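Listed below, chain by chain, are the residues.
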Amino acid sequence: MPRDVDLFVIGGGSGGVRAARTAAATGARVALAEDRRMGGTCVIRGCVPKKLMVFASEFREQAALARGYGWNAEAGAFEWRKFRARLDAELDRLEGVYRNLLTSSGVTIHDARAQVSDPNTVELEDGTRVSARHILVATGGHPMRPDVPNATLGMVSDDIFKMEELPESMLVVGGGYIACEFACILNGMGVEVTQFYRGPQILRGFDDEARDIVARRMREQGIDLQVNTNVVDVRPAGVDRAEGRFSKQNDNGGSASATGSVVAKATNGAERRFASLLFATGRAPNSKDIGLEMAGVAVDRRGAIEVDAYSQTAVPSIYAIGDVTDRINLTPVAIREGQAFTETVFKGNPTAPDHNLVASTVFTQPELGTVGLTEEAAREQEEIEVYSTSFNPMRTAFGDRPNQVLMKLVVSRASRKVLGCHIVSDGAGELIQMVGIAVKAGLTKEDFDRTVAVHPTMSEELVTMQTPTRAT
Ligand code: NDP
């Protein structure tokens, strides 16, 4: 039966855009619907603006270090409004780039909310129905607030980029990527940051030694990190309530105002006033109200669309990629899933995206770069050797603030393969990208050792560690 298009993509984030462009490049007729800004979470309210905020937040520390080297340097005051104007302009530019990429590839853009109405039909919010040979759901995810009274008084990560001004103090709740990254960013910008994490140590799931160093460095930089602590109640601080500042609601149902003070009650009963509150307590797939149940697409308990290795749902004409499938929720993974979808469906080359040994970095200060197994996970699996060194880097030798980096390899005793690498240092994201190639290639500790060091660098330790720190 003739259809209006060969592919209808719902969602204009990194994964959806990549799939649409690559499919269109095969000659397929492709349409894409996005109901917010083109570019999705990564470009508009995630990785990109976050990384620009990381850069902005680092100058105070750099000015302090410069003084140690003899510069008469002062970072001065950080002007959030000035930064935000630049940020807004950059995001507008990037959104334009994404739109151009789509239109120049021949993809028809619908700036509208779209719903699946049957296995081969998508309905737009104005009632237009588009028939499609294939439908790709790439609707991403959204930040979640915990189930505590008045949780909507707190911001979520989407709101941070829209703050009118920097608050004087902020309570960050959570201990994952987003909580730790924003705790460091805001602290660097001069906000007095308190962080509550409900477990015994932040960054659960990462290598324990690396987590400990990141937590220590965050505290040394002035973040009041409180573990085994959660928020049990939130209420507006009286003074601001009187000024009516909590009447503003944004499209997340929360307050985009950074000036709306709250009183937060912790699990230990302590109550404290904060100028602002950020919930970084996880994300959930955007799978509601897009007609999935009507088409017969199954979602799991968390709302993630169930797909096979080729990103195909139980309905053969419908595929799903990216955060809505809750596999590995990272932009480059969604992009790979989008490309693999095109290979499978439009190039006759069935390709399962490879989710093994994906490197990632938490952009804390210092950064935590990781690929492969943690020491703890590797030890569960087999006998290992651990090569680990932690030291003060040369760059900060003239500074008056403590610093510490970690270079760590987890090695299989049987195969000698490097099973995991964990780096805590400035620039760890750049380093782990390169080490990721070696680990993905299955190189052994002896392959690392054959590589002559680049001196003087921090990462030369990765090819010069001779004696295992621990072995099991
Ligand atoms: P994470 O799942 O990484 O962290 C969520 C945090 O919130 C955890 O510490 C969790 O605690 C805590 N939490 C969950 N529910 C509650 C609750 N009810 N009360 C208190 N604390 C709670 O999610 P994020 O939102 O930080 O990030 C989502 C995903 O986005 C990441 O997993 C990652 O895939 C991606 N991301 C990647 C980045 C990067 O590559 N640099 C940056 C940002 C996001 P517990 O550990 O006890 O479960």
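Below or above, wherever it landed, is the structure these notes cover. Worth saying up front: this structure is predicted, and the values here are computed from it rather than measured.

Observations regarding the overall build of the protein
Counting its regular elements, the protein contains 14 helices and 22 strands. Its C-alpha atoms give the protein a radius of gyration of 24 Å, near enough to 23 Å, the size a compact globule of 472 residues would have. With the C-alpha coordinates of the protein rotated into their principal frame, the extents come out at 70 × 65 × 40 Å. Scored against the burial criterion, the 472 residues of the protein give a buried share of 51%. Put simply, of all contacts in the protein between residues at least 6 apart along the chain, 65% involve residues at least 24 apart. With the model as given, the accessible surface of the protein reaches about 21,100 Å², and the carbon-plus-sulfur share is 50%. Charged side chains in the protein number 53 positive and 61 negative. The centres of these two groups are separated by 1 Å.

Structural notes on the side chain of Asp323
Checked against the element boundaries, Asp323 lands in the loop between strand E16 (318–320) and helix H11 (331–346). Buried and unpaired, Asp323 has Arg283 as its nearest opposite-charge partner, separated by 4.3 Å.

A short note on the sheet that holds strand E19 (residues 384–391)
Spatial strand order, E17-E18-E21-E20-E19-E22: six strands in an open sheet with antiparallel pairing. Strand pairing shows two members of the sheet lacking a second neighbour, strand E17 (360–362) and strand E22 (470–471), which therefore form its edges. Here eight bridges tie E19 to strand E20 (residues 405–412), and the two strands are oriented antiparallel to one another. Within E20, the residue paired with Val386 across the bridge is Val410. Along the sheet face, helix H8 (residues 208–220) touches strand E18 (367–372), E19, E20, strand E21 (418–425) and E22 and points at about 175 degrees away from the line of E20.

A word on the site of the ligand
Taken together, 20 residues form the shell around the ligand, and within it Gly175, Ile178, Tyr197, Arg204 and Thr361 come nearest. A distance of 3.2 Å separates an oxygen atom of the ligand from a polar atom in the backbone of Gly176. Burial of the ligand by the protein chains amounts to 76% of its free accessible area of 910 Å². Ranked by residue count, the leading element in the shell around the ligand is helix H7 (residues 177–188), at three residues. Across the shell around the ligand, the residue classes tally to seven nonpolar, eight polar and five charged.

Details of the pairing of strand E8 (residues 169–173)
Counting buried residues along E8, five of its five residues qualify, which places the element largely inside the surrounding structure. Neither face of E8 is left uncovered, since the one carrying Ser169, Leu171 and Val173 and the one carrying Met170 and Val172 both have all their residues buried. Crossover handedness for the path E8 to H7 to strand E9 (residues 192–197): right-handed. Alignment of E8 against strand E14 (residues 276–279), held across four bridges, turns out to be parallel. Each bridged residue has a counterpart across the sheet, and for Val172 the counterpart in E14 is Leu278.

Some words on the sheet that holds strand E11 (residues 231–236)
Ordered by their spatial adjacency, three strands build an open sheet running E11-E12-E13, and the pairing between neighbours is antiparallel. With one partner strand each, in any of the chains shown, E11 and strand E13 (271–274) form the two edges of the open sheet. On average, each strand axis in the sheet is tilted by 25 degrees relative to the strand beside it, whichever way the strands run. Relative to E13, strand E12 (residues 262–266) runs antiparallel, the two sharing four bridges. Looking at the pairing, Lys265 lines up with Glu271 of E13.

What counts and what doesn't
Every chain is numbered on its own, with residues counted from 1 as its sequence reads. Totals for whole chains, interfaces and linings use all residues, but because this is a predicted model, local features are given only for residues with pLDDT of at least 70 and pairs of side-chain atoms are given and counted only at 80 or more. Each side-chain value is derived from all of the structure's non-hydrogen atoms; neither hydrogens nor water enter the calculation. What counts as a helix is a DSSP run of H or I of at least four residues, what counts as a strand is a run of E of at least two, and both are numbered from the N terminus. For a compact globule the rule gives 2.2 Å times the number of residues to the power 0.38, and the radius of gyration it is set against comes from C-alpha atoms. Throughout, exposure labels follow a simple rule: accessible area from a 1.4 Å probe, protein chains only, divided by the maximum for the residue type, with under 20% read as buried, over 50% as exposed, and the rest as partly exposed. Contacts are assigned to residue pairs that have any heavy atoms within 4.5 Å of one another. Each accessible area value is a Shrake-Rupley result obtained with a 1.4 Å probe; residue values ignore everything except the protein chains displayed when judging cover. Here the positive residues are Lys and Arg and the negative ones are Asp and Glu; neither His nor the chain ends is included. Note that the charge is assigned to NZ on lysines, CZ on arginines, CG on aspartates and CD on glutamates. One speaks of a salt bridge when a side-chain nitrogen belonging to Lys or Arg is within 4 Å of a carboxyl oxygen belonging to Asp or Glu. When DSSP finds two or more bridges between two strands, those strands count as paired. Angles run from 0 to 180 degrees between N-to-C directions of axes, and those axes are lines fitted to C-alpha atoms, restricted for helices to the stretch in contact. For this purpose, a residue is taken to be near a molecule or strand whenever a single non-hydrogen atom of the residue falls within 4 Å of it. In the analysis that follows, any N or O atom pair within 3.5 Å is treated as a polar contact, provided that within protein one partner can donate a hydrogen and the other can accept it, and provided that, for residues neighboring in sequence, both atoms belong to side chains. Note on residue categories: nonpolar means Ala, Val, Leu, Ile, Met, Phe, Trp, Tyr, Cys or Pro, charged means Asp, Glu, Lys or Arg, and polar means any other residue, Gly included. The definition of a right-handed crossover adopted here requires that, viewed with the strands pointing away, the path from the first strand over the helix to the second runs clockwise.

Everything listed here is a matter of geometry and, on its own, says nothing about what the molecule does.
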